[in-house]
Amino acid sequence: MSSSTSQTPAIMPRRTMRGHTRWVNGVVHLHGGRRQIITCSLDGSLRLWDLESCAQIGEDWRYENKSGMWSMALSPNGNTVASGSGSGDNNVRLWDIETRKVITKLAGHTNAVGALCWSADGNQVLSGSWDGTARVWDVESGETVLTIKTGHEWVCAVIYSPDATNIATGGRDEDAVKIWDAKTGKLFETLKHDNNDQVWSLAWTSDGKKLISGSRPIRIFDTTTWQELAILEGHTDWVKAISLSPNERLLVSASHDKTARLWNLDTNLQVGQPLQHERDVGCAALSADGELLVTACKNKNTYTWDIHAILKKAGLEDLLQPLSNVATQKSMNSNATRRPPIQVRRIPPAFFDGVQNGAQSSAARGTHHGSPAHNSRSIWTPLLNRFSSLFHHSHRDTDDATELQQRPRRSIFSRGPPIVEVAAVKDREVIFTAPPPPHKTQQQTQSHAQGSSTTPPAPGPNATTPRPRYPHSLPVRVLAHIVLFLCCASPQHPDGNAQQQQGQSQGQVHAQASSSQTEPAAPSTSATPTTPDTRNTAPVTASV
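Values in this document were obtained by computation on a predicted structure and should not be read as measured data.

## Things to note about the packing of aromatic side chains
Moving on, step 1. The final tally for this structure, using the stated rule, is 5 aromatic pairs.
Moving on, step 2. With a centroid separation of 6.2 Å and an interplanar angle of 50 degrees, the aromatic rings of Y63 and W95 are classed as tilted. You can see Y63 sitting in the loop between β5 (56-61) and β6 (69-74) and its partner W95 sitting in strand β8 (residues 92-96), a full 32 residues away along the chain. Each member of the pair, Y63 as well as W95, is classed as buried.
Moving on, step 3. Their ring planes at 10 degrees and their centres at 4.6 Å tell us that W130 and W154 sit as a pair that is stacked. Placement of the pair is W130 in the loop between β11 (124-129) and β12 (133-138) and W154 in the loop between β13 (144-149) and β14 (155-160), with a sequence separation of 24 residues.
Moving on, step 4. By relative accessible area, W130 is classed as buried at 18%.

See below:
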């Protein structure tokens, strides 16, 4: 035991089951959500156990000559268990789990049956014996359908490939693992192990791509090339049993070095401390959810271990989850730590309909009693309302101004006060012209905009009071540029916009353009080049 291990408290089993009178050589978990296991022992019995109470259920399962049992395997449907005996009996027996009685005896081996495996369809049983042979049995007839003389001194491990086309055998010689055709029994691959290692256990991943052998170290082979991919080192004696978790990311091994160990197959590294036992560990089996491990050793006892708690302590509890779920969870956690993006909706097809109607009605009112500022407000108010709705900001309209009310969180437009007031100004003048002298009145501004117009402005309460205009803040200017960008499809005069969107003739567009030439245009201060407006037939010359 290493110093690091001795300084750390040993991991203790969750429960202990006592009852067998000799070595326990095999254990299987029952299907259907039942928290029950069956064990086999050299005392010649099978026993059924409850995992919650760790008490034996019913009497021992025995047959007539009470020979010791060396191996066992559960059928794919969970209804039948196969046991392999020794001590001169050397037969395979099939037991009905409900009645706990032998239903078939498969005779033919001349030495102890040390390994068993079912085919995926449950129609055949594969056995390996210390007589050096492997046999395939038909479950229905009880006859041997294939006998393979493996060349191993002992056949200690047998397994079907997931598609049942190949058979792997493990034994005691330098040619430790051999691959056979399951139909013909022809040898087509040999996987040599160093130091004359004896292979006692085998596991095949469900996708058929990897074969794992347990000898003194644990080896992983690529079944496409049959090359060795990895060696898991740690055990100091024979690895008698290996068990894969359902997601095949966790491997458990049991050894004659009195330990069971957990292996992370994502990294091929050992997880946590070894699980210490009093004697040699002969078998190990993970539950269907991978959270419970059952081991048994030569001290005649069976133990349960809380794998979920062990992995959690090591910070590796996700090893019990499918790898795809882990990637998804990590992606969700990563997204949860990011600031949510600003949601800007697409402009709906009828976004400018209200603006068109407002422009037409504004033009009609402006001819008789409206002022340009009044017309500008009537045109821009619905447009600003619609534009602000794209950014999920609340807004409300007043007679004199449009207020954009920001949410309490930091906005993309401003870091200042949550409310920005946009004053009623002449159409687009705030975007293109610098602020006028502070003593210039609103009435003078309106007269300048009207030019040669003879229609006097409508009197108002502030008609004779000077109303200075202050430079607009940066957020308002940014907002104005965005509004201009979204509305760049409209001509300089709202009447032209309404007429063009309604599909009127080119001559009407010329007339509207002529009436708007009295308003000077200043070049844009944006650094981004703009596309020339091709809707006006008259060329526009920008003065610098």
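## Description of the sheet that holds strand β27 (residues 292-297)
Through backbone hydrogen bonds, the strands of a sheet pair up, either in parallel or in antiparallel fashion.
Moving on, step 1. Overall, antiparallel pairing links the 4 strands, which are arranged β1-β28-β27-β26 in an open sheet. Taken across any chain shown, the strands that pair with only one partner, and hence form the sheet edges, are β1 (15-17) and β26 (281-286). In this sheet, adjacent strand axes meet at a mean angle of 20 degrees when their direction is disregarded.
Moving on, step 2. Direction of pairing for β27 relative to strand β28 (residues 302-306): antiparallel, over a ladder of 5 bridges. Within β28, the position partnered with L293 by the bridge is W305.

## Considerations on the sheet that holds strand β25 (residues 269-276)
Moving on, step 1. The strand order β22-β23-β24-β25 describes an open sheet built from 4 strands, whose pairing is antiparallel. The open sheet has two edge strands with one neighbour each: β22 (239-244) and β25. Going across the sheet, the axis of each strand differs from the next one's by a mean of 20 degrees, ignoring polarity.
Moving on, step 2. As judged from the 5 bridges shared by strand β24 (residues 259-264) and β25, these two strands associate in the antiparallel manner. Bridging from a neighbouring strand, A260 pairs with L275 of β25.

## A short note on unusual backbone geometry
Moving on, step 1. In this structure, W226 takes a positive phi of about 60 degrees despite not being glycine.
Moving on, step 2. When you line up the elements, W226 lands in the loop between β20 (218-222) and β21 (227-232).
Moving on, step 3. You will see that K300, though not glycine, has its phi angle at about 80 degrees, which is positive.
Moving on, step 4. With respect to the helices and strands, the residue K300 is situated in the loop between β27 and β28.

## As for the state of the cysteines
Moving on, step 1. With the rule as written, the count across this model stands at 0 disulfides.
Moving on, step 2. Just so you know, C297 is unpaired, no disulfide at all, and the nearest cysteine sulfur is the one on C283, 8.8 Å from it.
Moving on, step 3. Exposure remark for C297: the relative accessible area of 1% places this residue in the buried category.

## Quick look at helix α8 (residues 474-486)
Moving on, step 1. Between its first and last C-alpha atoms α8 spans 18 Å; for 13 residues at 1.5 Å apiece the expected length is 18 Å, and the two agree.
Moving on, step 2. If you check which residues of α8 are buried, you get P475, V476, L479, A480, V483 and L484.

## Notes on the nonpolar core
Moving on, step 1. Core analysis: the largest hydrophobic core is formed by 26 residues, its most contacted members being L126, I167 and L211.
Moving on, step 2. Elements that contribute at least two residues to this core include exactly β10 (113-118), β12, β13, β14, β15 (166-171), β16 (177-181) and β18 (201-204).
Moving on, step 3. Per-element accounting of this core gives the leading share, 5 residues, to β14.
Moving on, step 4. Residues within four places of I167 in sequence aside, it is in contact with L126, V136, I148, I159, Y160, K178, I179, W180 and A182.
Moving on, step 5. Core analysis: the next-biggest nonpolar cluster, separate from the first, contains 21 residues, L262, V281, I310 and L320 among them.

## Examining the environment of L211
Moving on, step 1. Positionally, L211 belongs in strand β19 (residues 210-214).
Moving on, step 2. Judged by relative accessible area, L211 falls into the buried class, the value being 1%.
Moving on, step 3. Distance in space between the C-alpha atoms of L211 and E228 is 9.5 Å, their sequence separation being 17 residues.
Moving on, step 4. With residues near it in sequence (within four places) discarded, L211 still touches I159, A168, V177, I179, L191, A203, W204, R219, I220, F221, T223 and W226.

## Thoughts on the pairing of β28
Moving on, step 1. The buried fraction of β28 amounts to 4 of the 5 residues, a majority that puts the element mostly inside the structure.
Moving on, step 2. Judged from the 3 bridges that link them, β1 and β28 form a sheet pairing that is antiparallel. The residue of β28 that forms the bridge with T16 is Y303.
Moving on, step 3. The loop that links β27 with its antiparallel partner β28 comprises 4 residues; one of these, K300, has a positive phi angle of about 80 degrees.

## Thoughts on the side chain of T295
Moving on, step 1. Residue position: T295 is located in strand β27.
Moving on, step 2. Since its relative accessible area comes to 0%, T295 is described here as buried.
Moving on, step 3. Reaching out from T295, the side chain makes a polar contact with the side chain of H277 at a distance of 2.8 Å.
Moving on, step 4. Among the polar contacts made by the side chain of T295, one reaches the side chain of W305 at a distance of 2.9 Å.
Moving on, step 5. Setting aside chain neighbours within four positions, we find T295 in contact with A260, H277, V281, C283, A284, N301, T302, Y303 and W305.

## Brief notes about the pairing of β13
Moving on, step 1. As paired elements, β12 and β13 share 5 bridges and run antiparallel to each other. Bridging from a neighbouring strand, V136 pairs with L146 of β13.
Moving on, step 2. Count of turn residues in the β12/β13 antiparallel hairpin: 5 residues, of which G142 carries a positive phi of about 75 degrees.

## With respect to the side chain of D89
Moving on, step 1. Structurally, D89 is set in the loop between β7 (80-85) and β8.
Moving on, step 2. Look past the residues within four positions of D89 in its chain and what remains in contact with it is Y63, N65 and S67.

## Considering the pattern of salt bridges
Opposite charge on two side chains makes pairing possible when the charged atoms of those side chains draw close.
Moving on, step 1. Counted by the stated rule, this structure contains 11 salt bridges.
Moving on, step 2. For the salt bridge of R35 with D289, the shortest nitrogen-to-oxygen distance reads 4.0 Å. In this pair, R35 is assigned in the loop between β2 (24-29) and β3 (36-41) and D289 in the loop between β26 and β27, connecting sequence segments 254 residues apart.
Moving on, step 3. Residue R35 is classed as partly exposed on the basis of its relative accessible area, which comes to 31%.
Moving on, step 4. Measuring nitrogen to oxygen at the nearest pair gives 2.5 Å for the salt bridge that ties R249 to D266. In this pair, R249 is assigned in the loop between β22 and β23 (250-255) and D266 in the loop between β24 and β25, connecting sequence segments 17 residues apart.
Moving on, step 5. Residue D266 is classed as partly exposed on the basis of its relative accessible area of 41%.
Moving on, step 6. Among the ionic contacts, a cluster of salt bridges with common partners joins D43, R47, D60 and R62.

Quick notes on the rules
- Residues numbered from 1 in each chain as written.
- Predicted model: local features only at pLDDT ≥ 70, side-chain atom pairs only at ≥ 80, totals over all residues.
- Heavy atoms only, no water.
- Phe/Tyr/Trp six-rings, centres within 6.5 Å; stacked < 30°, edge-to-face > 60°.
- Helix = DSSP H or I, 4+ residues; strand = E, 2+ residues; numbered from the N terminus.
- Buried < 20%, exposed > 50% of the residue type's maximum accessible area, 1.4 Å probe, protein only.
- Pairing = 2+ DSSP bridges.
- Axes fitted to C-alpha atoms, helices over the stretch in contact; angles between N-to-C directions.
- Disulfide = S-S within 2.5 Å.
- Expected span 1.5 Å × (residues − 1).
- Core = buried A, V, L, I, M, F, W, Y, C linked by side-chain atoms within 4.5 Å.
- Contact = heavy atoms within 4.5 Å.
- Polar contact = N/O pair within 3.5 Å; in protein donor to acceptor, adjacent residues only side chain to side chain.
- Salt bridge = Lys/Arg side-chain N within 4 Å of Asp/Glu carboxyl O.

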